[in-house]
Amino acid sequence: MFVASKFRYCLLIFSNQVQFFVCRRKDSTDKSSLDRNQYAAWAKDVHECEQNYQVDSKSGLSDSEVEKRLKKYGTNELEKHEGQSVFRLILDQFNDTLVRILLAAAVISFVLAWYDGEEGGEMEITAFVEPLVIFLILIVNAIVGVWQESNAEKALEALKEIQSQQATVIRNGRKLSSLPAKELVPGDIVELRVGDKIPADLRVITLISSTLRVEQGSLTGESEAVSKTTKPVPEETDIQGKKCMVFAGTTVVNGHCLCMVTDTGMNTEIGKVHSQIQEASQNEEDTPLKKKLNEFGEVLTMLIGLICLLVWLINLKYFLTWEYINGWPANFKFSFEKCTYYFEIAVALAVAAIPEGLPAVITTCLALGTRKMAQKNALVRKLPSVETLGCTTVICSDKTGTLTTNQMAVAKLVAMGHGPNSVRSFNVEGTTYNPLDGRIKDWPAGRMDANLQTIAKIAALANDAGVEQSEKGFVATGMPTEAALKVLVEKMGLPSGLGSGSSTDHKELMVCSLEWRKIEHRIATLEFDRDRKSMGVIVTSKSGRNTLLVKGAVENLLERSSYIQLLDGSVVELDSMAKKSILDSLNELSSSTLRVLGFAYKEDPPEFTTYNGDEDHPAHNLLLDPTKYSSIESNLIFAGLAGLRDPPRKEVKQAIEDCRAAGIQVIVITGDNKNTAEAICREIGVFGQHEDISSKSLTGREFMEHHDQRGHLSYKGGLLFSRAEPRHKQEIVRLLKEAGEVVAMTGDGVNDAPALKLADIGIAMGIAGTEVAKEASDMVLADDNFSTIVAAVGEGRSIYNNMKAFIRYMISSNIGEVASIFLTTAIGIPEGLIPVQLLWVNLVTDGPPATALGFNPPDKYIMKKAPRRSDDSLINTWILFRYLVIGLYVGVATVGVFVIWFTRDSFLGIDLTQDGHSLVTYSQLTNWDQCKTWENFTVSPFKAGDRTFTFDTNPCDYFQGGKVKAMTLSLSVLVAIEMFNSLNALSEDESLLTMPPWVNPWLLLAMSVSFGLHFLILYVPVLAKVFGIVPLSLNEWMLVLAVALPVILIDEVLKFVGRLTHGSEKTSPTRLKRKTE
């Protein structure tokens, strides 16, 4: 799991290589007008649609015609997509330069180990440790990569789950109530009722009820259910404006109708979303960090090649010699044994240069980051998202459910005053369906006057909605506006003598509404319709008196009202002055983009005075004819009005300010209407209260027709796109990414899924979000709160800074290892570090400190700085110079301690002769390969731990078998230096005097763990044999520390120079310049 250029390892990313096959449907020779790809059914009247689809709406299609159309158009299903084969995925894991380098190194190491055994050497398992470890790493990397990429995209499967499974269809003149929805074809006649999930894209042809309302917000982004009609609309109308069409996957919330199927399967609007998700998944790009590591991998590959070539050239004279005869080289002599020895050194260089432990450390750091984010309600689904968040420059946010609560709430209540020309206004707090969320300001609790009681009664009884408490909180059942009125009733409470308190005083929900229902019993309903724009109920009291209660559009109610009810309950005539007073209140609420509903009533309505709900009563026939409803709802008594809205979240305004301070642009993209979206944007601070936004607020269509789309998006202040369709969102995200922005996109609906997939960071809502959106996302907000995104961005920035610290630390360590091997080869001494030791250091010893650096405390001004550029380098020129200097010292120290042991009896007053080893000259050490030509060369036995090394039969083995103590010293110095170097990595610029080690106690613990692991392989005989090392004495440990500690002083000097010449990183808030159009 060490591939620096791919860094796929344990990163939980989904495959972006899933192939997508769309079955070609059989071509038809029938050139009739039955071509749904060209036919705009929404722009034609019902008779034209019937002619085009060759169907009679009364009898439906025949079985034979259905069979023909099934062959032509296929089943009403979303296409399946096939993933790559496991074999292909396995091969892809090795399609990487560094993987191939390591694979080659492992194969060569294995062959050389086998060759040494065949040539008479001992065929011990220790000889195969190095290739086996490398092979193990490669296998684990491949397994993880295959597991990740075989996780096929679930967003497309989630889309299928929201499709209807069954439909009620008219065929052959008969009604089929449970036909599998996949068998629908264009031209089928479908019956829809309340609660039905719509099975295909349909043209409404007959309204059986007076009204039809459909909840299609998950597809279009609209915050309210939409009224549907049979009337055609212009052909160029956007999806939200197609009032005569209903779309697959949406739900009927009110009404009963007949519809004609116009599109099925992949040609439906949801099918188009399916295709867009797949297209977006194929365009997924690497994260900024992964790009940097890819670049690093390419550079590393080149450096490895150059260094290996240089090592061979330096040592060419040892395995290839020749003589010059007449000025020409001749008598070439080649030593295969020495050639393979220096080849092994080249393999060791490759092992030393690759930071095998880095991927595991990055994965660990990202995983720890996800836990921190989870505590802040940001659930990360794909680990690279943690790092990408840190360089987010633009947040494209949906409005409904993200910036707002997606829960309708009453914001203002207007009641009648003491006189006909006076009104009273009450501000209503709260933004959710929770009755305990907020209160009514200046409310006469327990002392409700007659007028307020009337409003409460109408809001409670002329209402079919409810509120329930679930795992996701308080949710509405029925129409959101009606649920908001129910919550208002609970906040109003009950008048004295009617009951005790309100829902705020009880554990049960909707207590007040229940009390009103006990007093007044509903016996009839006058359904809402688009003409009179009102809904009424007839209720009867315990005394048997009937009352008509009506709610609806204020203007329409005023036209049908003759009286108004005053504060004390008295009724006076509605004159022009009173009407003006009410309309002024209406305009005031409407200008704040509130949706306004009026309340009116009529006592003892004619014809219904004695009505009791009996179907045999003469008045019952009036209820069966919706055209009579307006006359029934006449001569009303107007009582008051309420302004409702989908309110912004309380925390959003501050979060927008935080984004502005952090240099992050906020762009609002919504399917809702322009006026509502603009008002919300002003309220939350995307725009100023009096700012001219004529050039900053466009509809999706206006943006697509804009002459300079990139120029419009280049404005760094707030932007708004309303009435946006999925393709508009995708185009905006694509253009932003092309401009070099790192884009986070939020959304909750099906319509958001393609853009979520295309964005650098797709963020779905956990409560209100559809499964489609969640599966397409990289991160899910558990609380659906925009401010959680801002907190996650701050965490992402902190994590990236810490990752940068340990990446530099590990890379500097590898530079030191390469320098050590290179110096060993350059001066010609025996190798002091073997590949298996380097693997241990890279994978195990360096791991804990590098991981602990991920716990460095965050910069307190981290969200006051502009986001880093995604193309900023991990290591700039000065940092590279610093680590080259550190790396050179590591090389000098590890090689130096090796030379000291062979050539010196003491160093800095430390006695090194206690083990009894023989000293040699520096010249002898650098020419050790010529030992056999030396006369009278002898060495004394020496002890290491409980082992004694003797060289009576072959004194020259002192430079191979006898170097075990010197090699142990080199490895120990390397480990110690890298531990002390981790302290240097606490800060890029700050001295250890100002940022001492205890600011990150985890690092001190990690250093202890790493030293403990090193002691383990030193003092456990079995492990010591595997790694080719021996125990060290106290004096030898003092030598190790004396050689290793100066690395801290060297980096302190370099940091000081850097602060003087380059300036330290600013730690104070900076004023960010913003570009204007």
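**Q** For the overall build of the protein chain, give the residues involved together with the corresponding values.
**A** The helix and strand inventory of the protein chain stands at 38 helices and 32 strands. Sequence-distant contacts, at least 24 apart, represent 73% of the contacts inside the protein chain between residues at least 6 apart. Surface accessibility of the protein chain: about 44,800 Å² in total, with carbon and sulfur atoms responsible for 55%.

**Q** An account of the packing of aromatic side chains is needed here, citing residue identities and associated values.
**A** Under the counting rule described, the total for this entry stands at 22 aromatic pairs. For the pair Phe426 and Trp443, a centre-to-centre distance of 5.1 Å together with 70° between the ring planes defines the contact as edge-to-face. Taken together, the residues span a long stretch of sequence, with Phe426 in strand E13 (residues 423–427) and Trp443 in the loop between E13 and helix H15 (450–461) at a distance of 17 residues. Residue Phe426 is classed as buried on the basis of its relative accessible area, which comes to 7%. Assessed through its relative accessible area of 13%, Trp443 is described here as buried. Pairing Phe942 with Phe949 gives two aromatic rings, centres 5.2 Å apart and planes at 15°, and the pair type is stacked. A network of ring pairs unites the aromatic residues Phe898, Trp901, Phe902, Trp934, Phe937, Phe942, Phe949, Phe951, Tyr958 and Phe959 as a single cluster. When the ring centre of Phe528 is taken as reference, the NZ or CZ atom of Arg213 above it lies at 5.7 Å.

**Q** Report on the packing of helix H32 (residues 877–903) against helix H34 (residues 964–984), specifying residues and quantitative values.
**A** Closest axis-to-axis distance for the H32/H34 pair is 8 Å, and the angle between their directions is 150°. Relative to H34, the element H32 is oriented roughly antiparallel. Judged by the sense of rotation from one axis to the other, the crossing of H32 with H34 is right-handed. Counted together, Ile886, Tyr889, Val890, Ala893, Thr894, Val897, Phe898, Trp901 and Phe902 of H32 and Lys965, Ala966, Met967, Leu969, Ser970, Val973, Leu974, Ile977 and Asn981 of H34 form the full contact between these two elements. Considered class by class, the residues forming the contact of H32 with H34 number 14 nonpolar, three polar and one charged.

**Q** Kindly report on the sheet that holds strand E28 (residues 779–781), identifying the contributing residues and their values.
**A** If you trace the eight strands from one edge of the open sheet to the other, you get E10-E28-E27-E26-E11-E23-E25-E24, paired in mixed fashion. Only two strands of the sheet have a single partner each, and these edge strands are strand E10 (378–380) and strand E24 (697–699). Put simply, the sheet's adjacent strands are angled 20° from each other on average, direction ignored. Where strand E11 (residues 394–397) meets strand E23 (residues 665–669), four bridges bridge the pair, whose relative direction is parallel. Within the sheet, the bridge partner assigned to Ser397 lies in E23 and is Val668.

**Q** Can you break down the pattern of salt bridges residue by residue, with the values?
**A** Overall, the coordinates contain 28 salt bridges when judged by the stated rule. Between Glu65 and Arg69 there is a salt bridge, and its shortest N-O distance comes to 2.7 Å. Here the residue Glu65 and the residue Arg69 both occupy positions in helix H2 (residues 63–73), the gap between them amounting to four residues, near one helical turn. Judged by its relative accessible area of 2%, Arg69 is buried. When the shortest N-O distance is used, the salt bridge between Lys518 and Glu515 registers 3.5 Å. Here the residue Lys518 and the residue Glu515 both occupy positions in helix H17 (residues 511–519), the gap between them amounting to three residues, near one helical turn. Sharing partners across several salt bridges, the network here consists of Arg710, Glu731, Arg734 and Glu738.

**Q** So what's going on with a nonpolar patch on the surface? Residues and values would help.
**A** Residues Val107, Phe110, Val111 and Trp114 make up a contiguous nonpolar surface patch of about 360 Å² in total accessible area. If you trace the backbone, Trp114 turns up in helix H4 (residues 97–118).

**Q** Outline the state of the cysteines, listing residues and values.
**A** Per the stated rule, a full pass over the model turns up one disulfide. There is a disulfide in this structure between Cys931 and Cys956, and the S-S distance comes to 2.0 Å. Disulfide Cys931 to Cys956: torsion about the S-S bond roughly -90°, handedness left-handed. With Cys931 in the loop between helix H33 (922–926) and strand E31 (942–944) and Cys956 in the loop between strand E32 (947–949) and H34, this residue pair connects regions lying 25 residues apart in the sequence. For Cys956, a relative accessible area of 16% corresponds to the buried category.

**Q** So what's going on with the environment of Asp63? Which residues, and what values?
**A** Position of Asp63 among the secondary structure elements: in helix H2. Judged by relative accessible area, Asp63 falls into the partly exposed class, the value being 49%. Along the chain, Asp63 and Asn172 lie 109 residues apart, while their C-alpha atoms are 7.1 Å from each other.

**Q** So what's going on with the side chain of Glu1052? Which residues, and what values?
**A** Turning to its location among the elements, Glu1052 is positioned in helix H38 (residues 1046–1061). For the buried Glu1052, no salt bridge is present, and the opposite-charge side chain at shortest range is Lys1055, 4.2 Å distant. Not counting chain neighbours up to four residues away, the residues in contact with Glu1052 comprise Ser991 and Leu992.

**Q** Run through the nonpolar core, naming residues and quoting values.
**A** The biggest cluster of nonpolar side chains holds 120 residues, and the ones touching the most others in it are Phe786 and Phe902. Among the elements that make up this core, the one with the highest residue count is H32 (14 residues). Look past the residues within four positions of Phe902 in its chain and what remains in contact with it is Ser918, Leu919, Val920, Leu925, Tyr958, Phe959, Lys963 and Ala966. In this structure, Met260, Ile277, Val743 and Ala773 belong to the second largest nonpolar core, which totals 56 residues.

**Q** Explain helix H22 (residues 652–661) to me, and be specific about the residues and the numbers.
**A** The set of residues buried in H22 consists of Val652, Ala655, Ile656 and Cys659. Seen from one end, H22 has its buried residues packed into an arc of 105°, which puts them on one side. At the exit of H22 stands Gly663, carrying a positive phi of roughly 75°.

**Q** An account of unusual backbone geometry is requested, with residue identities and associated values reported.
**A** Here Asn172, not a glycine, exhibits a phi torsion of approximately 55°, which is positive. If you check the backbone angles, Asp442 has positive phi at about 60° while not being a glycine. As for its position among the elements, Asp442 is in the loop between E13 and H15. Relative accessible area serves as the criterion here: at 73%, Asp442 is assigned to the exposed category.

**Q** Describe the packing of helix H29 (residues 786–827) against H32, listing the residues and the values that go with them.
**A** Taken N-terminus to C-terminus, the directions of H29 and H32 make an angle of 45°; their axes are 7 Å apart at the nearest point. If you check the angle between H29 and H32, you find them oblique. H29 and H32 meet at a crossing whose hand is right-handed. The segment H29 lies against H32, with Arg808, Ser812, Ile815, Gly816, Ala819, Ser820, Leu823, Thr824 and Ile827 engaging Ile879, Tyr883, Leu884, Gly887, Leu888, Val890, Gly891, Val892, Thr894 and Val895.

Basis of the calculations
- Residues numbered from 1 in each chain as written.
- Predicted model: local features only at pLDDT ≥ 70, side-chain atom pairs only at ≥ 80, totals over all residues.
- Heavy atoms only, no water.
- Helix = DSSP H or I, 4+ residues; strand = E, 2+ residues; numbered from the N terminus.
- Contact = heavy atoms within 4.5 Å.
- Areas by Shrake-Rupley, 256 points an atom, 1.4 Å probe, with all protein chains shown as cover.
- Phe/Tyr/Trp six-rings, centres within 6.5 Å; stacked < 30°, edge-to-face > 60°.
- Buried < 20%, exposed > 50% of the residue type's maximum accessible area, 1.4 Å probe, protein only.
- Lys NZ or Arg CZ within 6 Å of the ring centre and 35° of its normal.
- Axes fitted to C-alpha atoms, helices over the stretch in contact; angles between N-to-C directions.
- Parallel < 35°, antiparallel > 145°, perpendicular 65-115°, else oblique.
- Left-handed = near helix turned anticlockwise from the far one by under 90°.
- Nonpolar A, V, L, I, M, F, W, Y, C, P; charged D, E, K, R; others polar.
- Pairing = 2+ DSSP bridges.
- Salt bridge = Lys/Arg side-chain N within 4 Å of Asp/Glu carboxyl O.
- Patch = residues over 30% accessible without salt bridge, like charges linked within 9 Å, V, L, I, M, F, W, Y side chains within 5 Å.
- Disulfide = S-S within 2.5 Å.
- Lys, Arg positive; Asp, Glu negative; His and termini not counted.
- Core = buried A, V, L, I, M, F, W, Y, C linked by side-chain atoms within 4.5 Å.
- Arc of directions from axis to C-beta.

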